[in-house]
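What the coordinates show
This is what each chain is made of:
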Amino acid sequence: IRSGYCGSVVRDLAAPASFAQESFGSCDATVLHLLIAVRPERPIVAAKMSTYRATARAVGVVYLAGMVIGIGGNVLVQSILGAPDRLAAVSGNDIKLAIGGLLWLVPVAGDVAHGILMFPILKQQDERIATGYLGTRIVDAVFIAVQALFILLQIPLAREYATASAANALPLQALSNVLTRGNL
């Protein structure tokens, strides 16, 4: 397309003279302005689709990263808490259990990030749905954080268990069982 033709098309649409000057001497820019003048919803839709796509990618990456890291933490935790004498196993592997418990907290941040990233998109449909989704992601994150706390509480129990007498060891094992069952 010749630039003279672009200018005449813009003039034919009764656009202001400044509109034609915004083309920066490029026919492509004039055609873009022309598209905005004729069908203003198209570029906006394209921009929204780009934003939605970026948000979808971010949510997907956060979800997959949280899942992989959470599974890694679960493998570490279950390798220790699945032992027959749980507190004795924890006392020898307290750093490994702490790392596993902290790895469980990464998906907590991801759950909250899902709610925050999806809020503006869902708000366009219905604000109550957006708020409800954000709230459920926060509640889910709180439950996972409490589960991670139950895991991390095994470490001080194991330290007490290692120094406790036989009579005092039984209540510590019972408390460890309760915390482990609360983790399910």
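Here we summarise the structure given alongside this text.

Reading the values: rules and limits
- Residues numbered from 1 in each chain as written.
- Predicted model: local features only at pLDDT ≥ 70, side-chain atom pairs only at ≥ 80, totals over all residues.
- Heavy atoms only, no water.
- Helix = DSSP H or I, 4+ residues; strand = E, 2+ residues; numbered from the N terminus.
- Buried < 20%, exposed > 50% of the residue type's maximum accessible area, 1.4 Å probe, protein only.
- Axes fitted to C-alpha atoms, helices over the stretch in contact; angles between N-to-C directions.
- Parallel < 35°, antiparallel > 145°, perpendicular 65-115°, else oblique.
- Contact = heavy atoms within 4.5 Å.
- Nonpolar A, V, L, I, M, F, W, Y, C, P; charged D, E, K, R; others polar.
- Core = buried A, V, L, I, M, F, W, Y, C linked by side-chain atoms within 4.5 Å.
- Salt bridge = Lys/Arg side-chain N within 4 Å of Asp/Glu carboxyl O.
- Expected span 1.5 Å × (residues − 1).
- Bend = angle between axes of the 7 residues up to and from the residue.

**Details of the overall build of the protein chain**
Helix and strand counts for the protein chain stand at nine helices and zero strands. Secondary structure of the protein chain in N-to-C order comes out as α-α-α-α-α-α-α-α-α.

**Looking at the environment of Ala-65**
As for its placement among the helices and strands, Ala-65 is situated in helix α4 (residues 41–81). For Ala-65, a relative accessible area of 34% translates into the label partly exposed. It is 8.0 Å that separates the C-alpha atoms of Ala-65 and Pro-107, two residues lying 42 residues apart in sequence.

**Focus: the packing of helix α7 (residues 127–152) against helix α8 (residues 154–163)**
Contact geometry of α7 with α8 gives a least axis separation of 4 Å together with a crossing angle of 15 degrees. When the axes of α7 and α8 are compared, the pair comes out roughly parallel. Judged by residue contacts, Phe-150, Ile-151 and Leu-152 of α7 engage Gln-154, Ile-155 and Pro-156 from α8. Here the contact of α7 with α8 is composed, by residue class, of five nonpolar, one polar and no charged.

**What about the nonpolar core?**
If you look at the biggest cluster of nonpolar residues, it comprises 17 residues, and the most contacted ones within it are Leu-81, Leu-87, Val-90, Leu-97 and Ile-151. Mapped onto this core, the elements with two or more residues apiece are α4, α5 (86–92), α6 (94–125), α7, α8 and α9 (166–182). With four residues, α8 is the largest single contributor of residues to this core.

**Quick notes on the pattern of salt bridges**
Tallying each qualifying case throughout the model produces two salt bridges. The residue Asp-94 makes a salt bridge to Arg-159 at a minimum N-O spacing of 3.4 Å. With Asp-94 in helix α6 and Arg-159 in helix α8, the pair connects residues that are 65 residues apart, well separated along the chain. Overall, Arg-159 belongs to the exposed group, its relative accessible area being 53%. In this structure, Asp-111 engages Arg-137 in a salt bridge whose closest nitrogen and oxygen atoms are separated by 2.8 Å. Taken together, the positions of Asp-111 in helix α6 and Arg-137 in helix α7 put the pair 26 residues apart, joining distant regions of the chain. The class for Asp-111 is buried, based on a relative accessible area of 8%.

**As for α6**
Taking 1.5 Å of rise per residue, 32 residues should cover 46 Å, and α6 covers 47 Å from first to last C-alpha, within 8% of that figure. Helix geometry: α6 is bent most strongly at Phe-119, by close to 45 degrees, with proline Pro-120 lying one to four residues after it. Of the residues making up α6, those classed as buried are Asp-94, Leu-97, Gly-100, Gly-101, Trp-104, Pro-107, Val-108, Gly-110, Asp-111, His-114, Gly-115 and Leu-122.

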